[in-house]
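Structural overview for review
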Amino acid sequence: MARKKDTDYAAISARLRVLENRLLTRERMEQLIEAREDAECLKLMADCGYPEPAALTLPELEKSLAQAQAELFADLEKSLDDPDVLAVFRVKYDYHNAKALIKSQARDADPARLLVDGGRYAAGDLAEGFQKEDLGEKVSPVFQAAVWAAKDLLATSGDPQRADFLLDKACYEEMLAHAKAAKSPFLEGYVRLTIDSLNLRSVVRALRAKRGKELLEAALIPGGTVDVNTLSFAKPTELPRLFSKDLEEAANQGAELLEGEGSMTAFERACDNAVARYVQKARRVPFGVEIVVGYLFARQGELTALRIILSGRLAGLDKDTIRERLREAYV
């Protein structure tokens, strides 16, 4: 497939620019945090285009957010000519469901409440295929192989973390493949930076916990801009040099954390914010695939922010703790 021209995205870019006005801004986040009554929160959600929950409870909140996400993907699926762009943001839900199915089976538990829609494959179809040990021909070969390999690994090792690592590698392999198929350097750069961000966290966690090299190698995900073999032997003082571009600030915080300074929360927030700042470059583009990527990223971040704020309120967390967990807003 030839690379699409920026002008091919003119119509959808114009529509998404209008929809950006409804995104959850930092000001709206503050209003949610400071709201005295649940009714204020529900109204703010409605103002951002979310179905109003029947009540502010975790099940109702998740139901509303899931419905909004399904509507987003269904809308863009009809108006976006290139399915690979959308697939980059849908893949992770397939792998979330795979993890839920594998672990639930190992515990002899019902996975229904853990499954989410939004992936490339319907959650119900995956559950049925998993039970029958036949996921069907519509599922990608990479996904098929990863699911059965992770299931076998958990059965033989009893280590769910290693099974997760295996699935994570396959997940980002597919995300990168979809980004390449879309022929968008911006989208591919987003995926590679996301991988770098995850790998930086894995290195810092491993060094901080003094874990063995074998476990770190299992956690590291190929496909980023920094070679995983280099990261396997990285020292704390080398991190700012290795991640010297978009993640330099986060790498500096990671190095300080390993010297006993700073906090893990601040470091992880810096990793996430580095990816956010990369995607925010789309706001300077008049039209093109960048605007689609930016909007999809913004909506995913919005879902996370709503979960953090509203679940934090329900759990009785203080306002500063909730604020500390939030990431930079796209708008």
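Residues numbered from 1 in each chain as written. Predicted model: local features only at pLDDT ≥ 70, side-chain atom pairs only at ≥ 80, totals over all residues. Heavy atoms only, no water.

As for the packing of helix H13 (residues 248–258) against helix H14 (residues 264–279)
Contact geometry for H13 and H14: axes closest at 8 Å, N-to-C directions at 165°. The orientation of H13 with respect to H14, classified from their angle, is roughly antiparallel. Considering the relative orientation of H13 and H14, their crossing is left-handed. Seen from H13, the contacting residues are Glu249, Ala250, Gln253, Gly254 and Leu257; seen from H14, they are Met264, Ala266, Phe267, Ala270, Cys271 and Arg277. Residue composition of the contact of H13 with H14, by class: seven nonpolar, two polar and two charged. (Axes fitted to C-alpha atoms, helices over the stretch in contact; angles between N-to-C directions. Helix = DSSP H or I, 4+ residues; strand = E, 2+ residues; numbered from the N terminus. Parallel < 35°, antiparallel > 145°, perpendicular 65-115°, else oblique. Left-handed = near helix turned anticlockwise from the far one by under 90°. Contact = heavy atoms within 4.5 Å. Nonpolar A, V, L, I, M, F, W, Y, C, P; charged D, E, K, R; others polar.)

Digging into H14
End to end, H14 covers 23 Å across 16 residues, agreeing with the expected 22 Å (1.5 Å per residue, within 8%). When H14 is considered as a whole, its buried residues turn out to be Met264, Phe267, Glu268, Ala270, Cys271, Asn273, Ala274, Val275, Ala276, Tyr278 and Val279. (Expected span 1.5 Å × (residues − 1). Buried < 20%, exposed > 50% of the residue type's maximum accessible area, 1.4 Å probe, protein only.)

Section: the environment of Glu77
By the element assignment, Glu77 lies in helix H4 (residues 58–79). Taking C-alpha positions, Glu77 is 9.7 Å from Ala87, a pair spaced 10 residues apart along the chain. Not counting the four nearest positions on each side in its chain, Glu77 is found in contact with Leu86 and Arg90.

A short note on the packing of helix H7 (residues 141–157) against helix H8 (residues 160–181)
For the pair H7 and H8, interaxial distance at closest approach is 8 Å and the crossing angle is 170°. As summarised for this structure, H7 and H8 are arranged roughly antiparallel, according to the angle between their axes. Seen from H7, the contacting residues are Val142, Phe143, Ala146, Val147, Ala149, Ala150, Leu153 and Leu154; seen from H8, they are Pro160, Arg162, Ala163, Leu166, Leu167, Ala170, Glu173 and Glu174. Among the residues forming the contact of H7 with H8, the class breakdown is 13 nonpolar, no polar and three charged.

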